[in-house]
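Chain and residue survey
Residues per chain are reported as follows:
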There are 2 protein chains.
Amino acid sequence: MGYFDAASAAPLHPIARQALQASLDEGWADPARLYREGRRARVLLDAAREAAAEAVGCRPDELAFTSSGTRAVHSGIAGALAGRRRVGRHLIVSAVEHSSVLHSAELLEASGGAVTQVPVDRAGRVKPSAYGEALRADTALACLQSANHEVGTEQPVAEVAEVCRAAGVPLLVDAAQSLGWGPVDGDWSLLTASAHKWGGPSGVGLLVVRKGVRFAPQGPADERESGRAAGFENIPAIVAAAASLRAVRAEAAAEAVRLRELTERIRARVPQLVPDVEVVGDPVRRLPGVVTFSCLYVDGEALLHELDREGFSVSSGSSCTSSTLTPSHVLRAMGVLSEGNVRVSLPAGVTEEDVERFLTVLPGAVATVREKLGAPGSEAVVREADALVVDSLGKRCPIPVIELAKVIGDVPVGGLVRVLSDDEAARLDIPAWCEMRGQEYVGEEPADKGTAYLIRRVS
Amino acid sequence: MGYFDAASAAPLHPIARQALQASLDEGWADPARLYREGRRARVLLDAAREAAAEAVGCRPDELAFTSSGTRAVHSGIAGALAGRRRVGRHLIVSAVEHSSVLHSAELLEASGGAVTQVPVDRAGRVKPSAYGEALRADTALACLQSANHEVGTEQPVAEVAEVCRAAGVPLLVDAAQSLGWGPVDGDWSLLTASAHKWGGPSGVGLLVVRKGVRFAPQGPADERESGRAAGFENIPAIVAAAASLRAVRAEAAAEAVRLRELTERIRARVPQLVPDVEVVGDPVRRLPGVVTFSCLYVDGEALLHELDREGFSVSSGSSCTSSTLTPSHVLRAMGVLSEGNVRVSLPAGVTEEDVERFLTVLPGAVATVREKLGAPGSEAVVREADALVVDSLGKRCPIPVIELAKVIGDVPVGGLVRVLSDDEAARLDIPAWCEMRGQEYVGEEPADKGTAYLIRRVS
């Protein structure tokens, strides 16, 4: 099977399936009831909570089951902000958080709160000191993912937690991508996760709120799950989620070594097999199963389609914006190439053969897409007094970069190329191309339509 | 099996189980993805949406799957109120709505909005004209359940929808208890439901918003389910929910006749078998499987415990307040006795033998509880100038009513009894006892501690 999108959703773990089926008979009743069916459901729910809490490294009464990881993030941020409303309404997030975190931040801003986005380096990693600098007297909460969902880079959570703790600010860790691999280190205050990322069923998230953290649940009152997750508990799914977390943890150490070797192979070989590729994300401090690369002169969606025809399922850009044409906010924050972006995230149990076959298929798929994009006409090129002008208005990435690459040799070393583009992705991809090609990115300026990007040939 | 609490949660329908298991293999991937696993998931999701929409009687694009019925109500009310924010912030609800509706109303009030509660008659039914009278120029939304969850009374939804429609106010119908039996009649604007009430799995609710209804989803943005239900879709559960809705609908007409006969039997026989019982709820316009009665001089929780020992699972009072000592808001709004309250809600497929066995066991269970409550000491009785005073301070219901019943014969016809009680349930149960016993309830007045309830002996 060529399903390489485990960071989006993992197939159900066999243990999860067993647990789900077993608890369909025992776990359907209301656990708040005192009769036998209710008591049985309560026993299952309590046991699942204990197992999940042990895997997280928290007390059972600190852990609530939500209906998804997204819901855990939404409820966790809203509750933590409200709990510290008297301190202020300032929120700190990294620039590469999951959309559920960033959308929560947008909601805060829309209602008059303030948000600071902490930048990342080219590997997608934040500096703990940057969190320290972002802290203010009115900071209610800081958020940091344990590892990035698009490029796999691990974040310095323990160090950031220490910085926040010293300032008395709670840190919420979105552990969606990493919890299956191990507990989150450090003295964090809140934690969220999503069961279908570790082979549990859909419909289960975790929200952990450490004792002593001020927390005021938002929305209409509801007495279930300590008031932190409204609605009837989905006990069979919760039981399956806890069982699969325990199961993947038992296999995690060995499987991490195996997947890390396979992704290392992809990291090393893709640039050898495919010309004009940039592998992105931290090469060392990263999730075992994730590797992301971008291919110059390639349309990401077309490449996904080619790979799907060959039996491989991968994602491109940010999963939550795949239906839009906006380049991934993660790649943009990293300042790396977004065009032709591919995220490979290997599921547990993937075979070496599948990975080898992917490496065999990829070069042809990239070549096919590049060929289809073809050579654009040169009628769009005009020589001005000081620069060669490429008019890419109305053309979607990667066309502007392709046209730039075609004409850069037509100007002398020291000469300028001006690319006119109204595609937002060009703002990211033209500087990234310059970086990859050793050319100088001079800057951008507004043009009649869209933006003019200035490039100086230096080699 | 003596599980008689289907109005709380129904065991999984065999069809739901089959559908769930089949779609665990096909429905785990992200339906927003374009690769084969995502496309398969999308096909399943689309088919489930069409099936559910057909059962509801709406367009598929009007229907979103939420993570629970409670969540559907919370999101539906919040979105409808926000969509008509410019009209005003007035909400109309019936006094007997589910707690998810009433808690949404409390949240609105807490943020400065206004709520009108429409009263019900002794059968638990609203008058359509009362909705008409409650409408104001700033009314943003009205809510009415299709049928009551505690007593089974059906509400005049179509008539209320007409009244609201004429005023240009949308009506949200909480159809949690009735959707398995059939579509909701009338020109309603929004509808909510919960799959585990009709034998679907936990973790699936429905939120229907008719085209043309102003709706502004609240909370952080999320592109799934038309922006109306954040978080990764739980497709296997959604498929199972739709399949079981279709299955129970196919059996609904015949099963309704059968269950109605069984509940009719309970309605008729319980007052013959057990002394001092009041059957509550509309005797005709009611759900097929629900029958509710209250037993004088009985503690509801103790009776549930006795019945559980005999193998019967029933609920008492409001399901959402069963863990508190507050009497059910539904019974209070109806003005009927709340003490010793039992709701029997028969699951599909229940046998006549189970019901007969329940009727055999019930009288002994009630007698046991009454015996345990015993005869309270008469030292609390003081004869004042104008009345016999019963000091029930510090005693929980049904003790105040038991003490009242014990002394009423000690005053002459026309004489007064004054019951001192600090249990909130007395406010409901003492007038209800008077109604049942043909005595005159004179009224209440504040006492040193608690409240004094005045009763005149008239027979």
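Keep in mind that what you see is a predicted model, and the values were worked out from it rather than measured.

Moving on: the overall build of chain A. Looking only at helices and strands, chain A has 12 helices and 15 strands in total. Its C-alpha radius of gyration of 24 Å places chain A within 12% of the 23 Å reference for a compact globule of 459 residues. With the C-alpha coordinates aligned to their principal axes, the bounding extent of chain A is approximately 85 × 55 × 35 Å. When the 459 residues of chain A are sorted by exposure, 61% land in the buried category. Positive and negative charge centroids in chain A, built from 49 and 60 side chains respectively, lie 5 Å apart.

Now for the domain arrangement of chain A. All names here are of chain A. When its domains are assigned, chain A resolves into domain 1 (14-247), domain 2 (252-373) and domain 3 (378-456). Using only C-alpha atoms to locate each centre, domain 1 and domain 2 end up separated by 28 Å. Contact residues are listed per partner, giving 24 residues for domain 1 and 26 residues for domain 2. Buried surface at the junction of domain 1 and domain 2, summed over both partners, amounts to about 2,000 Å²; 57% is from carbon and sulfur atoms. The three residues of domain 1 that bury the most area against domain 2 are Arg122, Glu150 and Trp181, which together make up 38% of that side's buried surface. The salt bridge partner of Glu278 is Arg122, with a shortest N-O separation of 2.5 Å. Our enumeration of links across domain 1 and domain 2 arrives at 10 residue pairs in polar contact (both at pLDDT 80 or more).

All right, on to the sheet that holds strand E10 (residues 341-345) of chain A then. Residues and elements named next belong to chain A. Read across the sheet, 3 strands follow the order E8-E9-E10 without closing on themselves; strand pairing throughout is antiparallel. With one partner strand each, in any of the chains shown, strand E8 (277-280) and E10 form the two edges of the open sheet. Strand-to-strand twist across the sheet, computed as the mean angle between neighbouring axes with direction ignored, equals 25°. Of the pairings in the sheet, the one linking E8 to strand E9 (residues 290-295) comprises 4 bridges and is antiparallel in character. Directly across from Val279, in E9, lies its bridge partner Phe293.

So, about the relation of the copies chain B and chain A. Copy one and copy two of the chain differ by a rotation about a common axis and a shift along it. Under the fitted operation, chain B is carried onto chain A by 0.0 Å of movement along the axis and a turn of 180°, and the coordinates agree to an RMSD of 0.1 Å. Overall, the copies show the geometry of a two-fold rotation axis. Distance from the rotation axis, computed per C-alpha, reaches its smallest value in chain B at Ser67 of chain B: 3.0 Å. Interface overlap between copies: 100% of the residues of chain B at the interface are likewise at the interface in chain A, consistent with a symmetric, same-surface contact.

The next subject is the pattern of salt bridges. Residue and element names in this part refer to chain A. Tallying each qualifying case throughout the model produces 67 salt bridges over all chains. Its salt-bridge partner being Asp30, residue Arg33 comes within 3.7 Å of it at the nearest N-O pair. Residues Arg33 and Asp30 agree in their burial class; the two are buried. Of the charged contacts in the structure, one is a salt bridge between Arg49 and Glu225, with a shortest N-O distance of 2.8 Å. With Arg49 in helix H2 (residues 36-56) and Glu225 in the loop between strand E7 (205-209) and helix H7 (235-273), the pair connects residues that are 176 residues apart, well separated along the chain.

With that out of the way, let us pick up the packing of helix H1 (residues 14-26) of chain A against helix H1 (residues 14-26) of chain B. Contact geometry of H1 of chain A with H1 of chain B gives a least axis separation of 12 Å together with a crossing angle of 170°. Relative to H1 of chain B, H1 of chain A is oriented roughly antiparallel. Contacts from Arg17, Leu20, Gln21, Leu24 and Asp25 of chain A of H1 of chain A reach H1 of chain B at Arg17, Leu20, Gln21, Leu24 and Asp25 of chain B. Here the residues of the contact of H1 of chain A with H1 of chain B sort into 4 nonpolar, 2 polar and 4 charged.

On to the packing of aromatic side chains, then. By the definition in use, this model includes 10 aromatic pairs over all chains. Pairing Trp28 of chain A with Tyr3 of chain B gives two aromatic rings, centres 4.6 Å apart and planes at 85°, and the pair type is edge-to-face. You can see Trp28 of chain A sitting in the loop between H1 and H2 and its partner Tyr3 of chain B sitting in the segment before H1, one on each of two chains. Pair check on accessibility: Trp28 of chain A and Tyr3 of chain B agree, each one buried. Relative to Tyr3 of chain B, the ring of Tyr35 of chain A has its centre 5.7 Å away and its plane inclined at 85°; by these criteria the two rings are edge-to-face. Taken together, the positions of Tyr35 of chain A in the loop between H1 and H2 and Tyr3 of chain B in the segment before H1 put the pair across two chains. In this structure Tyr35 of chain A comes out as buried when scored by relative accessible area, which is 4%. Seen from the ring of Trp188 of chain A, Arg210 of chain A lies directly overhead, with NZ or CZ sitting 4.0 Å from the centre.

Across the boundary between the two partners, chain B contributes 56 residues, which contact 57 residues of chain A. Among the residues chain B hides against chain A, the three largest losses belong to Trp28, Arg33 and Tyr35 of chain B. Together they make up 14% of the total. Counting across the chain B and chain A interface gives 8 salt bridges. Among the elements of the structure, H1, helix H2 (36-56), helix H3 (69-83), helix H4 (99-110) and helix H8 (300-309) of chain B are those that each provide at least two residues to the side of chain B that touches chain A. If you tally residues by element for the side of chain B that touches chain A, the top one is H1 of chain B, at 5 residues. Of the residues assigned to the side of chain B that touches chain A, the class counts are 20 nonpolar, 20 polar and 16 charged.

As a further point, take the sheet that holds E7 of chain A. Residue and element names in this part refer to chain A. Read from one edge to the other, the open sheet built from 7 strands follows the order E1-E7-E6-E5-E4-E2-E3, with strand pairing classed as mixed. Strand pairing shows two members of the sheet lacking a second neighbour, strand E1 (63-66) and strand E3 (114-118), which therefore form its edges. Taken over all neighbouring pairs, the strand axes of this sheet differ in orientation by 20° on average, direction set aside. Packing against the sheet, helix H3 (residues 69-83) makes contact with E1, strand E2 (90-94), strand E4 (139-145), strand E5 (171-174), strand E6 (190-194) and E7, and its axis sits at approximately 165° to E6.

This paragraph deals with the packing of H3 of chain B against H4 of chain B. Residue and element names in this part refer to chain B. Orientation of H3 relative to H4, taken along the N-to-C sense of each, is 35°, at an axis distance of 9 Å. In this structure, H3 crosses over H4, and the sense of that crossing is right-handed. Each of Thr70, Val73, His74, Ile77 and Leu81 in H3 lies in contact with H4, whose residues at this interface are Ser100, Val101, Ser104 and Leu108. Considered class by class, the residues forming the contact of H3 with H4 number 5 nonpolar, 4 polar and no charged.

Attention now moves to H7 of chain A. Its 39 residues give H7 of chain A an end-to-end C-alpha distance of only 48 Å, which falls more than 12% under 57 Å, the value for a rise of 1.5 Å per residue. The largest bend along H7 of chain A measures about 60° and falls at Ala252 of chain A.

Attention now moves to the pairing of E7 of chain A. Residues in a regular strand project their side chains so that they alternate between the two faces of the sheet. All names here are of chain A. For E7, the buried fraction is high: 5 of the 5 residues fall into the buried class. Burial along E7 is two-sided: the face carrying Gly205, Leu207 and Val209 and the face carrying Leu206 and Val208 are both buried. Looking at chain direction, E1 and E7 are connected through 4 bridges and run antiparallel. Counted as the bridge partner of Thr66 is Gly205 from E7. As paired strands, E6 and E7 are joined by 5 bridges and run antiparallel to one another. The residue bridging Thr192 from the neighbouring strand is Leu207, located in E7.

Criteria and cut-off values
- Residues numbered from 1 in each chain as written.
- Chains lettered and ligands numbered in written order.
- Predicted model: local features only at pLDDT ≥ 70, side-chain atom pairs only at ≥ 80, totals over all residues.
- Heavy atoms only, no water.
- Helix = DSSP H or I, 4+ residues; strand = E, 2+ residues; numbered from the N terminus.
- Rg over C-alpha atoms; globule rule 2.2 N^0.38 Å.
- Buried < 20%, exposed > 50% of the residue type's maximum accessible area, 1.4 Å probe, protein only.
- Lys, Arg positive; Asp, Glu negative; His and termini not counted.
- Charge placed at Lys NZ, Arg CZ, Asp CG, Glu CD.
- Domains from an automatic or database assignment.
- Contact = heavy atoms within 4.5 Å.
- Buried area = accessible area lost by both parts, 1.4 Å probe.
- Salt bridge = Lys/Arg side-chain N within 4 Å of Asp/Glu carboxyl O.
- Polar contact = N/O pair within 3.5 Å; in protein donor to acceptor, adjacent residues only side chain to side chain.
- Pairing = 2+ DSSP bridges.
- Axes fitted to C-alpha atoms, helices over the stretch in contact; angles between N-to-C directions.
- Least-squares fit on C-alpha atoms with pLDDT ≥ 70 in both.
- Parallel < 35°, antiparallel > 145°, perpendicular 65-115°, else oblique.
- Nonpolar A, V, L, I, M, F, W, Y, C, P; charged D, E, K, R; others polar.
- Phe/Tyr/Trp six-rings, centres within 6.5 Å; stacked < 30°, edge-to-face > 60°.
- Lys NZ or Arg CZ within 6 Å of the ring centre and 35° of its normal.
- Left-handed = near helix turned anticlockwise from the far one by under 90°.
- Expected span 1.5 Å × (residues − 1).
- Bend = angle between axes of the 7 residues up to and from the residue.

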